[in-house]
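Okay, here's what each chain looks like letter by letter:
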Amino acid sequence: NAGVTQTPKFQVLKTGQSMTLQCAQDMNHEYMSWYRQDPGMGLRLIHYSVGAGITDQGEVPNGYNVSRSTTEDFPLRLLSAAPSQTSVYFCASSYSRFAPSYEQYFGPGTRLTVT
Amino acid sequence: GNSVTQMEGPVTLSEEAFLTINCTYTATGYPSLFWYVQYPGEGLQLLLKATKADDKGSNKGFEATYRKETTSFHLEKGSVQVSDSAVYFCALSDWGSSNTGKLIFGQGTTLQVKP
């Protein structure tokens, strides 16, 4: 198993540009989510999905869109990049959100800089 | 709302020293508690977990006990190695509160172990 994969690993955008961060998992996990990591703030949930076709907002969703057309893929779209979106983005997956003891598996992260 | 507070870092220790990283939480209900570790340039990996009061999670010489009476989940290791240098995150599952399945993270504690 490859686990959770993310592309690209690094990205530099100009303010106003759009892009998609890719995330895929090969573990047939029901639950997938996107977090952003900022210094001194831990990780904060952006969006999550409990299955194909079902997505919902986390605590910091503004400026981001998601979709889940397949179980495997959960892309994150930045509609119009802003410097405040400079961060490290992590995708995570878990067997089910209804089993809080289940481990969440994290991808290696995408480091995004918006100038 | 639910929250996690970790001790401020960075923590610098000599090899073979005893490690404690404090973690306290605020939560309604009965969350599961986790310690994740992030090695330089990598994503987060689950280090250990505990799903109910008085449970002790352990892995790779690290251990933490779920203390409901003090709302704590302190991470300990008896003898650290240089290879333990990383960022450590305490987290709780937001099960039963918001029902999003999300993890709520502390701000992270950087550990540096010197030879």
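Rules used throughout
- Residues numbered from 1 in each chain as written.
- Chains lettered and ligands numbered in written order.
- Predicted model: local features only at pLDDT ≥ 70, side-chain atom pairs only at ≥ 80, totals over all residues.
- Heavy atoms only, no water.
- Helix = DSSP H or I, 4+ residues; strand = E, 2+ residues; numbered from the N terminus.
- Contact = heavy atoms within 4.5 Å.
- Pairing = 2+ DSSP bridges.
- Axes fitted to C-alpha atoms, helices over the stretch in contact; angles between N-to-C directions.
- Buried area = accessible area lost by both parts, 1.4 Å probe.
- Salt bridge = Lys/Arg side-chain N within 4 Å of Asp/Glu carboxyl O.
- Polar contact = N/O pair within 3.5 Å; in protein donor to acceptor, adjacent residues only side chain to side chain.
- Nonpolar A, V, L, I, M, F, W, Y, C, P; charged D, E, K, R; others polar.
- Buried < 20%, exposed > 50% of the residue type's maximum accessible area, 1.4 Å probe, protein only.

*Asks:* Sorry if this is basic, but what is going on with the side chain of Asp55(B) here?
*Replies:* Along the polypeptide, Asp55(B) turns up in the loop between β6 (44-50) and β7 (56-59). The residues touching Asp55(B), leaving out its near neighbours within four places in the chain, are Ala50(B), Ala64(B), Thr65(B) and Tyr66(B).

*Asks:* Looking at this model, I keep getting lost on the sheet that holds strand β9 (residues 75-77) of chain B. Mind explaining?
*Replies:* Strand pairing in a sheet relies on backbone hydrogen bonds, with the paired strands running either antiparallel or parallel. All names here are of chain B. An order of β3-β9-β8-β7 is seen for the four strands of this open sheet, with the pairing classed as antiparallel. Edge positions in the open sheet fall to β3 (19-21) and β7, since each of these has one partner strand only. Strand-to-strand twist in this sheet, taken as the mean axis angle between neighbours without regard to direction, amounts to 15°. The pairing of β7 with strand β8 (residues 62-65) spans four bridges and is antiparallel. Within β8, the position partnered with glycine 57 by the bridge is alanine 64.

*Asks:* Just checking my understanding: could you explain the interface of chain B and chain A for this structure?
*Replies:* The parts lose accessible area when they come together, and the size of an interface is often stated as this lost area. Contact with chain B, which involves 22 residues of that partner, is made by 22 residues of chain A. In this assembly, chain B packs against chain A so that about 1800 Å² is buried in total across both faces, 56% of it on carbon and sulfur atoms. Counting across the interface, chain B meets chain A through zero salt bridges. At the boundary of chain B with chain A, the tally comes to three residue pairs in polar contact (both at pLDDT 80 or more). Elements represented by at least two residues in the side of chain B that touches chain A include exactly β5 (33-38), β6, β10 (86-93) and β11 (103-105) of chain B. Looking at the side of chain B that touches chain A residue by residue, the class counts come to eight nonpolar, 11 polar and three charged.

*Asks:* Would you take a moment to explain the pattern of salt bridges for this structure?
*Replies:* It is possible for side chains bearing opposite charge to pair when their charged atoms get close. The full count for this structure, using the stated rule, is five salt bridges over all chains. A salt bridge links Asp38(A) to Arg44(A); the nearest nitrogen and oxygen atoms lie 2.8 Å apart. The same class applies to Asp38(A) as to Arg44(A), namely buried. In this structure, the salt-bridge partner of Lys56(B) is Glu63(B), at a minimum N-O distance of 3.6 Å. Each of Arg36(A), Asp38(A) and Arg44(A) takes part in one network of salt bridges that share partners.

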